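Residue-level listing of the chains:
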Amino acid sequence: MKGKMVKIDASIVPPTHQSTELLMGCKKNYVTQIIEGHRNPGGVESRRGQEIHHTMSLYLSHCARKGVAMDLSAFDEFSKGAGAVASKILVGVRDSYEVDFAALFATELRMSLDEDFHPTDLSAELDGTCEDSGEDAGYVGTLDGLNLYRSEGKIVIDDFKSHPRPYNPSDPDKSMQGKEYSLFCFTHFPWANEVKFRLIFVRFRKLVREVVYTRDEVPALIESVRSMRSRQKAIHEEYIAGKEIAATGNDGCVYCPLLSNRECPILQDNPNAQGEPSEWLSSSLVYSAYAKVNTARMKAHVQGTGKPIILRDYNQKCYSFGPVESESSVFPLFRKTESGIAMDAQGNPDMPIVSLLLDYAHATPDDTKWMGNLLISSTKLNSYLGTKARAMLDQAVTDTADKVTKATLKVSKPLDSIPEEPEEEGDSWDEDGEEF
Ligand code: SF4
């Protein structure tokens, strides 16, 4: 495998970190990235995440120094520095997040515990809060914002997330970060009886999800975090013993370097797992055909056995394939009857949604801009208008259609040939590679 590599001594187990659990969903991913050192370069998303965290850290510190809960012009300045995309994402929290400047203790604070859950590697901000065991760190983490309420015996940790899909820090498969960070606080601040771990989803206004732990839950927190550490150590032992390291599909696959270079052992079954861009397209066709066959056999299995198919990853998180009930709403244009559509007292078709919208437009003429975006999809309309009997109506409707041009990346239907790309005009190169 190509790429920058920092191989570690497999007998040394690096401290358990927020991302360790995600990596361990698949032992092969963990071994590749952590033991063999083929780290996923991270890419744009990871850089954006760092920019967002850094911006929020600057903003929090600024508000604390100034003694204000908000400073929108400072926020705009800091977020401008984070780049166009990151600053767009941060719009969600801009005018809704309030800094508790009197309680803010530190931002981007690194905390560590040794293998016995004693504070170690104390950073300067934590000097004097507790004793440093001096032992190697077994657990590390960086807290985005830490608020202390000593007189109440309470602590609030703020963690900024740029995820487009918010989640709950108390969900069993998402709870490890909150548990580990809360444990950091209980061990570093012996006076704390309650720790609230808050996820602030920065894309959204006031979207905060939280979980609260109390000191009497510390033994359970230790057990959870220790069990993650034990699983991590077990992978190192298996690797040293030369055992075959299994690959398990999980939600960490998208961050796995073995996915994009197709060295994932699960992909090796595919003869197209090497090669050129045209072969990647070939892989895409194969995968889509495979997905159809695979889904069909899974459906047959569920149908036959009456049970869902369950997959457990190395963290014991479960994925299942089986029936999932869902409900969605549709808004009928007309009111359906046995023989056609209902008419009102004046003999006009009864159109409940349209009537409501018309009433609203009359009552609030200043708030109608959005109504121009309400559409009927051409797929639905064409499915009824494409008959001889409705040809006139079809033509009239087609004449009223707005044309929307979209450019999406997709695999085409089979074509006999592709038109030749026109020769590009412009820059030319001489034999020495100099542009002229
Ligand atoms: S892509 Fe393959 S190796 Fe990587 S995490 Fe997924 S299953 Fe594991």
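Remember, predicted model here, so these are calculated numbers, not experimental data.

A. Just the overall build of the protein chain, in detail. The number of helices and strands found in the protein chain is 13 helices and 8 strands. Considering only C-alpha atoms, the protein chain reaches an extent of 85 × 70 × 60 Å along its principal axes. Relative to its 436 residues, the protein chain shows a buried fraction of 22%. Taking as baseline every contact in the protein chain between residues at least 6 positions apart, the subset at least 24 positions apart corresponds to 62%.

B. Summary view of the sheet that holds strand β1 (residues 104-114). Taken together, the 6 strands give an open sheet; going across it, the order is β2-β1-β3-β4-β5-β6, and neighbouring strands pair in mixed fashion. Both edges of this open sheet fall to β2 (119-120) and β6 (208-214), since each of them pairs with a single strand only. Where strand β3 (residues 137-149) and strand β4 (residues 154-161) come together, 5 bridges link them in antiparallel fashion. If you follow Gly-145 over to β4, its bridge partner there is Asp-158. Docked against the sheet, helix α7 (residues 176-188) engages β1, β2, β3, β4, β5 (194-201) and β6, running at close to 140° with respect to β5.

C. A look at the site of the ligand. As a structural note, the neighbourhood of the ligand is formed by 13 residues, with Cys-26, Asn-29, Cys-253, Cys-256 and Cys-264 the closest of them. Residues of the shell around the ligand, tallied by class, amount to 8 nonpolar, 4 polar and 1 charged.

D. Just the domain arrangement of the protein chain, in detail. Segmentation of the protein chain into domains returns domain 1 (43-230) and domain 2 (270-321). Distance between the C-alpha centres of domain 1 and domain 2: 37 Å.

E. Structural detail: the environment of Glu-223. Topologically, Glu-223 is positioned in helix α8 (residues 218-240). Between the alpha carbons of Glu-223 and Phe-321 there is a distance of 30 Å; along the sequence they are 98 residues apart.

F. Quick peek at the packing of helix α2 (residues 27-35) against α8. Contact geometry for α2 and α8: axes closest at 11 Å, N-to-C directions at 80°. Classified by the interaxial angle, the pair formed by α2 and α8 is roughly perpendicular. For the pair α2 and α8, contact is made by Lys-27, Tyr-30, Val-31 and Ile-35 and by Ile-235, His-236 and Tyr-239, respectively. The residue makeup of the contact of α2 with α8, split by class, is 5 nonpolar, 1 polar and 1 charged.

G. Local environment of the confidence of the model for the protein chain. Considering every residue of the protein chain, the mean pLDDT works out to 85; 90% of them sit at 70 or more. Looking at the elements of the protein chain, mean pLDDT is at its lowest for helix α5 (residues 84-89), recorded as 79, and at its highest for β2, recorded as 98. Scored below 50 in pLDDT, residues 424-436 shows 5 contacts in the model against residues more than four places distant or in partner chains.

H. Summary view of the pairing of β4. The buried fraction of β4 is high, at 7 of 8 residues. Connecting β3 to the antiparallel partner β4 that follows it, the hairpin turn spans 4 residues, and Gly-153 within it adopts a positive phi of roughly 70°. Of the strand pairs in this sheet, β4 and β5 are connected by 8 bridges, and their pairing is parallel. Within β5, the residue paired with Ile-155 across the bridge is Val-195. The β-α-β motif built from β4, the intervening α7 and the parallel element β5 has right-handed crossover chirality.

I. Spotlight on unusual backbone geometry. Although it is not a glycine, Phe-117 adopts a positive phi angle of roughly 65°. Looking at where Phe-117 falls in the secondary structure, it is placed in the loop between β1 and β2.

J. A look at the packing of α7 against α8. Here α7 crosses α8 at 125°, and the two axes come no closer than 9 Å. Relative to α8, the element α7 is oriented oblique. When you trace α7 past α8, the crossing you get is left-handed. Contact residues: Met-176, Lys-179, Glu-180, Ser-182, Leu-183 and Phe-186 in α7; Val-218, Leu-221, Ile-222, Ser-224, Val-225 and Met-228 in α8. For the contact of α7 with α8, the class distribution of residues is 8 nonpolar, 2 polar and 2 charged.

K. Region of the structure containing the nonpolar core. In this structure, Ile-155, Ile-157, Tyr-181, Phe-184, Cys-185, Ala-192 and Val-195 are the most contacted members of the largest nonpolar core, which totals 22 residues. Elements with a contribution of two residues or more to this core: β1, β3, β4, α7, β5 and α8. In this view, Ile-157 contacts Leu-143, Leu-146, Tyr-181, Cys-185, Val-195, Phe-197 and Arg-198; residues no more than four positions away in its chain are not counted. In terms of nonpolar packing, the next biggest core, distinct from the first, is built from 20 residues, Leu-60, Phe-78, Val-93 and Tyr-97 among them.

L. Examining the environment of Phe-75 more closely. The topology assignment puts Phe-75 in helix α4 (residues 72-81). Residues Phe-75 and Thr-398, spaced 323 residues apart in sequence, show a C-alpha to C-alpha distance of 49 Å. In this structure, Phe-75 is in contact with Tyr-59 and Arg-94, ignoring residues within four places of it in sequence.

Definitions and limits used
- Residues numbered from 1 in each chain as written.
- Predicted model: local features only at pLDDT ≥ 70, side-chain atom pairs only at ≥ 80, totals over all residues.
- Helix = DSSP H or I, 4+ residues; strand = E, 2+ residues; numbered from the N terminus.
- Buried ≥ 20, exposed ≤ 12 C-beta atoms within 10 Å, placed from the backbone.
- Contact = placed C-beta atoms within 7 Å.
- Pairing = 2+ DSSP bridges.
- Axes fitted to C-alpha atoms, helices over the stretch in contact; angles between N-to-C directions.
- Near = placed C-beta within 6 Å.
- Nonpolar A, V, L, I, M, F, W, Y, C, P; charged D, E, K, R; others polar.
- Domains from an automatic or database assignment.
- Parallel < 35°, antiparallel > 145°, perpendicular 65-115°, else oblique.
- pLDDT = per-residue confidence, 0-100.
- Right-handed = clockwise from strand over helix to strand, strands pointing away.
- Left-handed = near helix turned anticlockwise from the far one by under 90°.
- Core = buried A, V, L, I, M, F, W, Y, C linked by C-beta atoms within 7 Å.

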